[in-house]
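# Overview (structure and organization)
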Amino acid sequence: MPFTFKSKVRYSECDSESELTPFSVINYLQDCSTFQSEELGVGVEHLREKNRAWFLNSWHIYFDRYPRLGEEIEAGTFAYGFSSFYGYRHFFIKGEDGAYAVRADSAWFFFDTEHKAPVRPEPEDTEPYDEACADRLHGELAMPKLQRKIALPKDLSSGEPMTVTRHLLDSNQHVNNAWYVDIAAAACGIERPSELRVEYRKAALLGDIIIPRISVSDGTYTVVLSAEGEKNYALVELRV
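Okay, so let's go over this structure. Just so it is clear, the structure is predicted and the values come from calculations on it, not from any experiment. (Residues numbered from 1 in each chain as written. Predicted model: local features only at pLDDT ≥ 70, side-chain atom pairs only at ≥ 80, totals over all residues. Heavy atoms only, no water.)

## Let's talk about helix α5 (residues 177-188)
For α5, the tally of buried residues reaches nine of 12 residues, placing the bulk of the element in the interior. The backbone nitrogen of A178 lies 2.9 Å from a side-chain oxygen of the residue at the head of α5, namely N176. Immediately beyond the C-terminal end of α5, within one or two residues, lies G189, with a positive phi of roughly 70°. (Buried < 20%, exposed > 50% of the residue type's maximum accessible area, 1.4 Å probe, protein only. Helix = DSSP H or I, 4+ residues; strand = E, 2+ residues; numbered from the N terminus. Polar contact = N/O pair within 3.5 Å; in protein donor to acceptor, adjacent residues only side chain to side chain.)

Below, the structure written as structure tokens:
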């Protein structure tokens with residue numbers, strides 16, 4: 001069975017139309033995987049003691065609808081595979097009607113925080129996750145195979161640069177994954193994408209400058225969140 005937890009959509013998680021924001025959706029998904037890892041005994045502090053961490057490499061999220069203020073929802077996740085230093089997870093959010101409101105696929109990589117390099121997880125890092133429900137739910141979630149890479153557009157217009165402040169950081173002292181999406185969506189004026197993809201390339205740290213560079217083609221916005229120089233923090237693709 002997938003790991004799940006229930007909640008009620010809060011006012012502080014909603015936009016001007018009283019619907020859950022994409023930022024809040026991503027936080028629900030991330031919280032769900034964190035809660036599962038904590039319950040299995042392989043959570044944040046356990047990994048920190050080993051100088052290890054799971055970092056997100058890519059998202060593909062489908063918004064079938066946005067849950068509304070006060071709605072009872074259920075967030076769920078399950079791991080469906082491990083390969084080299086990568087791990088793969090599906091996520092979902094169900095509404096009060098029991099139907100999927102949000103479906104997501106994701107790739108993560110295991111990281112040695114002492115030597116600053118990806119590393120293969122040991123069996124003790126992966127065996128606690130039950131992959132038995134993967135085959136059944138793969139079909140139920142009806143998502144194509146995850147594509148981790150996003151093509152870098154050639155023609156880009158630059159948006160307003162921003163400086164990373166402390167409230168954007170997570171426990172790893174990196175900008176939290178959800179903020180990249182929030183910054184990209186704000187840069188191109190999209191409140192409720194029907195679908196989004198994210199490829200994370202370089203962690204932004206306190207004081208870094210993030211420069212949004214935007215390309216639009218056939219209703220799809222690609223936002224390159226750039227560092228000063230040739231590096232990119234993340235590529236975000238939003239479909240309206």
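## Here's the deal with helix α1 (residues 22-39)
In a regular helix each residue adds 1.5 Å, so 18 residues correspond to 26 Å; α1 covers 26 Å between its end C-alpha atoms and thus fits that length. Every buried residue belonging to α1 is among P22, S24, V25, I26, Y28, L29, Q30, C32, S33, Q36 and S37, and all of these are buried. Looking at the packing, one finds that the buried side of α1 touches β1 (3-8), β2 (52-63), β3 (72-83), β4 (86-94), β5 (100-112) and α5. (Expected span 1.5 Å × (residues − 1). Contact = heavy atoms within 4.5 Å.)

## Let's talk about the pairing of strand β9 (residues 195-200)
A regular strand carries its side chains on alternate faces of the sheet. Of all the six residues making up β9, six are buried; the element is thus mostly covered by neighbouring parts of the structure. Side chains E195, R197 and E199 of β9 all project onto a buried face; the interleaved residues L196, V198 and Y200 project onto the opposite face, where all are buried too. Both β2 and β9 contribute to a ladder of five bridges, which runs antiparallel. Counted as the bridge partner of S58 is E199 from β9. (Pairing = 2+ DSSP bridges.)

## A word on the pairing of strand β11 (residues 220-226)
For β11, the tally of buried residues reaches six of seven residues, placing the bulk of the element in the interior. Pairing of strand β10 (residues 209-217) with β11, which is carried by seven bridges, proceeds in the antiparallel orientation. If you follow I214 over to β11, its bridge partner there is V223. Connecting the antiparallel pair β10 and β11 is a turn made up of two residues, with D218 showing a positive phi of about 50°. With seven bridges joining them, β11 and strand β12 (residues 232-239) adopt antiparallel strand pairing. From the neighbouring strand, L225 faces β12, where its bridge partner is A234.

## Things to note about the packing of aromatic side chains
Applying the stated criterion across every chain, the model contains 17 aromatic pairs. Summarising the aromatic geometry, the rings of F5 and Y28 are spaced 6.1 Å apart at their centres and angled 25° between planes, so their arrangement reads as stacked. Here the residue F5 occupies a position in strand β1, and Y28 occupies one in helix α1, the gap between them amounting to 23 residues. For F5, a relative accessible area of 17% corresponds to the buried category. A centroid spacing of 5.9 Å and a plane angle of 80° characterise the contact between F55 and F109, whose relative ring orientation is edge-to-face. Note that F55 is positioned in strand β2 and F109 in strand β5, a separation of 54 residues in sequence. For F55, a relative accessible area of 13% translates into the label buried. A network of ring pairs unites the aromatic residues W54, F82, F110 and Y129 as a single cluster. A cation over a ring is seen here: R103 above Y62, with NZ or CZ 5.1 Å from the ring centre. The aromatic ring of Y86 is capped on one face by R148, whose charged end is 4.4 Å from the ring centroid. (Phe/Tyr/Trp six-rings, centres within 6.5 Å; stacked < 30°, edge-to-face > 60°. Lys NZ or Arg CZ within 6 Å of the ring centre and 35° of its normal.)

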